[in-house]
Amino acid sequence: SQPRSEAFVDGCMTAGAEDPRREYDLGVALRGIGRLIGSCGLRLLDDGAKRADIGFELSPDYWGNGYATEAVSAILELGFDRIGLEEVEARCVVANRRSANVLHRLDFSEAERLPVGPGLGGFTWPERILFRLSRASWREARTSPPCHGD
């Protein structure tokens, strides 16, 4: 919706003005028409800016087209190549196989299962998977030729 899109952009502008900057968000828009269909963000986890976590969301109307993979790849490039991160984490609900597939496609490894637990405002998180990706693995995957025949 227009109000939700405007709130997202306002939040990005506020985060972009922080010093030191802790969050980086990208809007996911369709080329040619500029329609906002999702977002992808990175949040620094430590003061040394060596670790961050990412999150992404996409309108269900656009699932299965590679947009999430493209957005996460762009935020990883920002994190590893421009900010100089050493490791990026992501979490997804166990039942969300599409998001897990995006992370696997980008060479994240499953690090651990996170049990059901409390979240903010009385929300209860379902069981989740914690994924991790190191800068070395990211660079190796980008320079290795694709495997065919697997």
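Every residue gets a number counted from 1 within its own chain, in the order that chain's sequence is written. With pLDDT at 70 or above as the cut-off, local features in this predicted model cover only qualifying residues; side-chain atom pairs require 80 or more to be listed or tallied, and sums for whole chains, interfaces and linings still use all residues. Side-chain measures were taken over the full set of non-hydrogen atoms in the model, leaving aside hydrogen atoms and water.

Draft legend 1. Up close: the pattern of salt bridges. By definition, a salt bridge exists where a carboxyl oxygen of Asp or Glu is found within 4 Å of a side-chain nitrogen of Lys or Arg. If you walk through the whole model with that rule in mind, you get eleven salt bridges. Glutamate 87 is the partner of arginine 51 in a salt bridge, and the nearest nitrogen-oxygen pair spans 3.7 Å. A residue pair is termed long-range when its members are at least 10 positions apart, and arginine 51 in strand β3 (residues 51-58) and glutamate 87 in strand β4 (residues 87-93) qualify at 36 residues. Partly exposed describes any residue whose relative accessible area lies between the buried limit of under 20% and the exposed limit of over 50%, with all areas from a 1.4 Å probe on protein chains only and scaled to the type maximum. With relative accessibility at 32%, the residue arginine 51 sits in the partly exposed group. For glutamate 87, a relative accessible area of 24% puts it in the partly exposed group. One salt-bridge network, held together by shared partners, links Arg43, Arg51, Asp53, Glu87, Glu89, Arg91 and Arg132. Helix numbering and strand numbering both begin at the N terminus, where a helix is a DSSP run of H or I of at least 4 residues and a strand a DSSP run of E of at least 2.

Draft legend 2. How the structure looks around helix α2 (residues 67-83). By this rule, a helix spans an expected 1.5 Å times one less than how many residues it contains. The end-to-end C-alpha distance of α2, which contains 17 residues, comes to 23 Å, matching closely the 24 Å that a straight helix rising 1.5 Å per residue would cover. One or two residues past the end of α2 sits glycine 84, with phi positive at roughly 85°.

Draft legend 3. Representation of the sheet that holds strand β2 (residues 36-44) in the model. Strand pairing follows a simple DSSP-based rule, namely that at least 2 bridges must link the two strands. One open sheet holds the six strands; their spatial order is β1-β2-β3-β4-β8-β5, and the pairing between them is mixed. Pairing within the sheet leaves two strands with one partner each, and these edge strands are β1 (23-29) and β5 (109-114). The sheet shows a mean angle of 25° between the axes of neighbouring strands, taken without regard to direction. As judged from the five bridges shared by β5 and strand β8 (residues 128-134), these two strands associate in the antiparallel manner. Bridging across to β8, arginine 113 finds its partner in isoleucine 129. Fitting a line to C-alpha atoms yields each axis, with helices limited to the stretch in contact; the angle taken between N-to-C directions then spans 0 to 180 degrees.

Draft legend 4. Highlighting the side chain of arginine 128. Note on placement: arginine 128 falls in strand β8. Despite its burial, arginine 128 remains without a salt bridge, the nearest opposite charge being carried by aspartate 53 at 8.7 Å. Any pair of residues with heavy atoms lying within 4.5 Å of one another is described as a contacting pair. Excluding anything up to four places from it in sequence, arginine 128 contacts Arg91, Cys92, Val93, Val94, Glu112, Arg113, Leu114 and Pro115. Positive charge is attributed to Lys and Arg, negative charge to Asp and Glu, and no charge count is given to His or to the chain ends.

Draft legend 5. Looking closely at unusual backbone geometry. One non-glycine residue, aspartate 107, lies in positive phi territory at about 75°. Positionally, aspartate 107 belongs in the loop between α3 (97-105) and β5. Relative accessible area serves as the criterion here: at 38%, aspartate 107 is assigned to the partly exposed category.

Draft legend 6. The confidence of the model for the protein chain, seen in detail. pLDDT is a residue-level measure of predictor confidence that goes from 0 to 100. Residues with a pLDDT of 70 or more make up 81% of the protein chain, whose mean pLDDT is 85. Across the protein chain, element-level confidence peaks in β8 with a mean pLDDT of 97 and bottoms out in helix α1 (residues 2-16) with 55.

Draft legend 7. Molecular detail of the nonpolar core. Buried Ala, Val, Leu, Ile, Met, Phe, Trp, Tyr and Cys residues that are joined via side-chain atoms within 4.5 Å together make up what is termed a nonpolar core. Core analysis: the largest hydrophobic core is formed by 32 residues, its most contacted members being Leu42, Ile54, Leu76, Phe108 and Phe131. Sorting the residues of this core by element identifies β1, β2, β3, α2, β4, α3 and β8 as the ones contributing at least two each. Here this core takes seven residues from α2, the largest share from any one element. For leucine 76, the residues in contact, after removing those within four places along its chain, are Asp81, Val88, Leu106, Phe108, Leu133 and Trp138.

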